[in-house]
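Structural overview for review
Here is how the chains run, residue by residue.
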Amino acid sequence: MPSTNQAGGRDFPAFDNIEADIGHNPARYLDWDFLAESYGDRDIKSGRKLLLKARIRGIDRIEVVRAYKAVERAIGRGPAGGPREAVMRLLDQREQFLQEAGERPERLSYGPRRPPESYATETDDERDEQPLTAAEKLSRMRSGRVATDGGERDGE
């Protein structure tokens, strides 16, 4: 007997137009009953609930949030066949966040990313220097020492 918890063993409502627009079917995450009927179901259903919350937090475009809202309304898993209040609240919060913080760019640039200006530790003068020998590095380290007792530097 096939399990309803296997990835390939379940059919989701088809939302072809939404799937074409955003690249996946939101019903895969939304079309689940999150109330546990028995103790064993509780772990499975809490895992699905966590997955849904993580998926919603990972949405980076307002268009996708609105698609999830449309699917949530269409599948009618809430009271009286409507949307679930908690899911709609999460989606509203994510949409509000994206409106305030902005959406992620469609495509990030390729290649290595440069660290921010504040991360730079070398000046232009230091980059132009020739590599130091081990003796020169040791000499530079020793000349920069400071006495820990509050006195003069070593050798002075």
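What you are looking at is a predicted structure, and each value in this text was computed from that prediction instead of being measured.

Observations regarding the overall build of the protein
Regarding its fold elements, the protein presents 7 helices and 0 strands. Residue pairs at least 24 apart in sequence account for 55% of intrachain contacts in the protein once pairs closer than 6 positions are excluded.

Some details on the pattern of salt bridges
Counted by the stated rule, this structure contains 7 salt bridges. Here Arg61 ties to Glu63 by a salt bridge, and the two come within 3.4 Å at their closest N and O atoms. Two residues, Glu85 and Arg89, come together in a salt bridge whose shortest N-O distance is 3.7 Å. Here Glu85 and its partner Arg89 are both found in helix H5 (residues 85–101), 4 residues apart, which amounts to about one turn of the helix. On the basis of relative accessible area, Glu85 is assigned to the exposed category, the value being 63%.

Side note on the environment of Arg73
As for its placement among the helices and strands, Arg73 is situated in helix H4 (residues 62–75). A relative accessible area of 47% places Arg73 in the partly exposed class. Spatially, the C-alpha atoms of Arg73 and Pro83 are 4.7 Å apart, while their sequence positions differ by 10 residues.

A closer look at unusual backbone geometry
Peptide bonds are trans in most cases, and residues, glycine excluded, mostly fall at negative phi. Of note, Ala80 is a non-glycine position whose phi angle comes to about 60°, a positive value. For Ala80, the position within the fold is in the loop between H4 and H5. On the accessibility criterion, Ala80 (91% relative accessible area) is exposed.

Observations regarding the packing of aromatic side chains
One pair of aromatic rings is described through two measures. These are the centre distance and the angle between the planes. With the rule as written, the count across this model stands at 0 aromatic pairs. Of note, Arg55 hangs over the ring of Tyr29, and the distance from its end group to the ring centre comes to 5.8 Å.

Focus on H5
Every α-helix carries 3.6 residues per turn, so stepping three or four residues along brings you back to the same face. Between its first and last C-alpha atoms H5 spans 24 Å; for 17 residues at 1.5 Å apiece the expected length is 24 Å, and the two agree. Every buried residue of H5 is accounted for by Val87, Met88, Leu91, Arg94, Glu95 and Leu98. For H5, the angular spread of buried residues about the axis comes to 125°, placing them on one side. Facing away from the buried side of H5 by over 90 degrees, the exposed positions are Glu85, Glu100 and Ala101. With its phi angle positive at about 95°, Gly102 sits one or two positions after the end of H5.

What counts, and where the lines are drawn
Residues numbered from 1 in each chain as written. Predicted model: local features only at pLDDT ≥ 70, side-chain atom pairs only at ≥ 80, totals over all residues. Heavy atoms only, no water. Helix = DSSP H or I, 4+ residues; strand = E, 2+ residues; numbered from the N terminus. Contact = heavy atoms within 4.5 Å. Salt bridge = Lys/Arg side-chain N within 4 Å of Asp/Glu carboxyl O. Buried < 20%, exposed > 50% of the residue type's maximum accessible area, 1.4 Å probe, protein only. Phe/Tyr/Trp six-rings, centres within 6.5 Å; stacked < 30°, edge-to-face > 60°. Lys NZ or Arg CZ within 6 Å of the ring centre and 35° of its normal. Expected span 1.5 Å × (residues − 1). Arc of directions from axis to C-beta.

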